[in-house]
Amino acid sequence: MGNSLKAVAAFVPSSKCQKYLLEDLEEMPVDKMVDLSGSQLRRLPLHICSFRDLVKLYLSDNNLHHLPPEMEQLQNLQILALDFNNFKALPLVVCTLKQLCILYLGNNKLCSLPFELRLLQNLKTLWVESNCLQCLPEVVCELRLLKTLHAGSNALRTLPGQLRQLQELRSIWLSGNLLAEFPAVLLDMPLLEVIDVDRNSIRFFPSLAHLPGLKLVIYDHNPCRNAPKVAKGVRRVGRWSEESPEPRKRSGAVIEITLHEKPSPPPAAKPEPE
């Protein structure tokens, strides 16, 4: 359904596009999913709010900056994609959708997140990359079931100590921020499996060898003079990784190391809830 709607939206003038979408979605989809991504929407068709059994709603790549209060009726919604829109603030109606497991907010204009976000206690994956966050909102630390946090491409300089409360957190993605030091709070999170601090300003890495759950650490494109020490079997991506060991002094000279390109990142496909 999603592909056909996108194809229509590409050829129907924007003034008529939303009328078509309203008429096309008169009945609840059998798969309980609505995909209106890339449909040039400026407002959410109200009729969709009557689909009370809807589980997945994709509104990516539109021109949305608010959502109607009627959206509160979607109490079975588990996946909501609002990325690539024009939100300057997260609509509070999103915080009433208590069954949400995955929330995509990337590529908007968010400078903060509302305190009410703490009501989403079933949230397992949160994407807030490519926004205007200068600090990670402390309310994120209230999401006790959170497993994956994508907060890259913001302006973060540090992480709150309360983050250690997230005992279910397994992967944290912080690429493209303003971190000058490795976030100390991550050293107190032994169950982390993936740490990505690529493209920051970190000059020194502490040992990560004591983190028993760690499987992957990405630290490339930092002005560092050392690689983080890790336990056996942990993959490192960055300078002086497994393929190019750290420089060592030999006869008073430092061996020159050729930098390796970072491997292609994993597919950006949106995951399904576990």
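These numbers were taken from a predicted model, which means no experiment stands behind them.

Our next topic: the overall build of the chain. The helix and strand tally for the chain stands at 2 helices and 12 strands. When the helices and strands of the chain are listed from N to C terminus, the series reads α-α-β-β-β-β-β-β-β-β-β-β-β-β. Counting every position in the chain, which comprises 274 residues, the buried fraction comes to 46%. Within the chain, residue pairs in contact and separated by at least 24 positions form 26% of the contacts whose partners lie at least 6 positions apart. Surface summary for the chain: the accessible area is close to 14100 Å², and the carbon and sulfur share equals 52%.

What follows concerns the pattern of salt bridges. In this structure the tally under the stated criterion is 4 salt bridges. Residue E193 pairs with K215 through a salt bridge whose shortest N-O separation is 3.9 Å. With E193 in the loop between β7 (171-173) and β8 (194-196) and K215 in the loop between β8 and β9 (216-218), the pair connects residues that are 22 residues apart, well separated along the chain. Taking relative accessible area as the criterion, E193 reaches 27% and is therefore assigned partly exposed.

Most peptide bonds take the trans configuration, and most residues that are not glycine carry a negative phi. Positive phi is not limited to glycine here, since Q40 has a value of about 60°. Within the secondary structure layout, Q40 lies in the loop between β1 (33-35) and β2 (56-58). Not every positive phi belongs to a glycine, and D61 is a case in point at roughly 60°. Among the structural elements, D61 can be located in the loop between β2 and β3 (79-81).

A word on the side chain of N177. Relative to the helices and strands, N177 resides in the loop between β7 and β8. Within the local environment of N177, its side chain forms a polar contact with the backbone nitrogen of L156, the two atoms lying 2.9 Å apart. Among residues more than four places away in sequence, those in contact with N177 are A151, G152, S153, N154, A155, L156, R199 and N200.

What follows concerns the packing of aromatic side chains. Counted according to the given criterion, the structure contains 3 aromatic pairs. Geometrically, the ring pair formed by F205 and Y219 is edge-to-face, given 5.4 Å between the ring centres and 65° between the ring planes. Taken as a pair, F205 in the loop between β8 and β9 and Y219 in the loop between β9 and β10 (235-237) lie far apart in primary sequence, 14 residues in all. The two residues F205 and Y219 agree in class, both being buried.

Turning our attention to the side chain of D35. Tracing the sequence through the fold places D35 in strand β1. Under the relative-accessibility criterion, D35 is labelled buried at 13%. At 2.8 Å, the side chain of D35 and the side chain of S37 are in polar contact.

Counting through the fold element by element, L143 comes out in the loop between β5 (125-127) and β6 (148-150). For L143, a relative accessible area of 0% puts it in the buried group. Sequence separation of L143 and L166 is 23 residues, and the distance between their C-alpha atoms is 7.1 Å. Beyond its immediate sequence surroundings of up to four residues, L143 is in contact with L117, R118, L120, Q121, L123, L126 and L166.

Another point: the nonpolar core. Grouped together as the largest cluster of nonpolar side chains are 68 residues, with contacts concentrated most on M71 and L186. Domain assignment of the residues forming this core places at least three in each of domain 1 (17-103) and domain 2 (133-242). Every residue in contact with M71, bar those within four places of it in the chain, is listed here: L44, C49, L57, L77, L80, V93 and L97. Y58, A81, I102 and W127 belong to the second-largest nonpolar core, a separate cluster that totals 7 residues.

Read across the open sheet, the 10 strands follow the order β1-β2-β3-β4-β5-β6-β7-β8-β9-β10; overall the sheet is parallel. The open sheet has two edge strands with one neighbour each: β1 and β10. Along the sheet, successive strands turn relative to each other by an average axial angle of 5°, direction set aside. Here 3 bridges tie strand β4 (residues 102-104) to β5, and the two strands are oriented parallel to one another. By the bridge assignment for β5, Y104 is matched with W127.

Let us now look at the environment of P183. Here P183 shows up in the loop between β7 and β8. Each C-alpha atom, one on P183 and one on P160, is 8.8 Å from the other, the two residues being 23 residues apart in sequence.

Right, let's get into the confidence of the model for the chain. Confidence in the prediction for the chain averages 85 pLDDT; 78% of positions are at 70 or higher. Contacts for the low-pLDDT stretch residues 1-22, under 50 throughout, to residues beyond four places or in other chains number 31 contacts. The model gives residues 247-269 a pLDDT under 50, and that stretch makes 24 contacts with residues more than four places away or in other chains.

Scoring rules and cut-offs
Residues numbered from 1 in each chain as written. Predicted model: local features only at pLDDT ≥ 70, side-chain atom pairs only at ≥ 80, totals over all residues. Heavy atoms only, no water. Helix = DSSP H or I, 4+ residues; strand = E, 2+ residues; numbered from the N terminus. Buried < 20%, exposed > 50% of the residue type's maximum accessible area, 1.4 Å probe, protein only. Contact = heavy atoms within 4.5 Å. Areas by Shrake-Rupley, 256 points an atom, 1.4 Å probe, with all protein chains shown as cover. Salt bridge = Lys/Arg side-chain N within 4 Å of Asp/Glu carboxyl O. Polar contact = N/O pair within 3.5 Å; in protein donor to acceptor, adjacent residues only side chain to side chain. Phe/Tyr/Trp six-rings, centres within 6.5 Å; stacked < 30°, edge-to-face > 60°. Core = buried A, V, L, I, M, F, W, Y, C linked by side-chain atoms within 4.5 Å. Domains from an automatic or database assignment. Pairing = 2+ DSSP bridges. Axes fitted to C-alpha atoms, helices over the stretch in contact; angles between N-to-C directions. pLDDT = per-residue confidence, 0-100.

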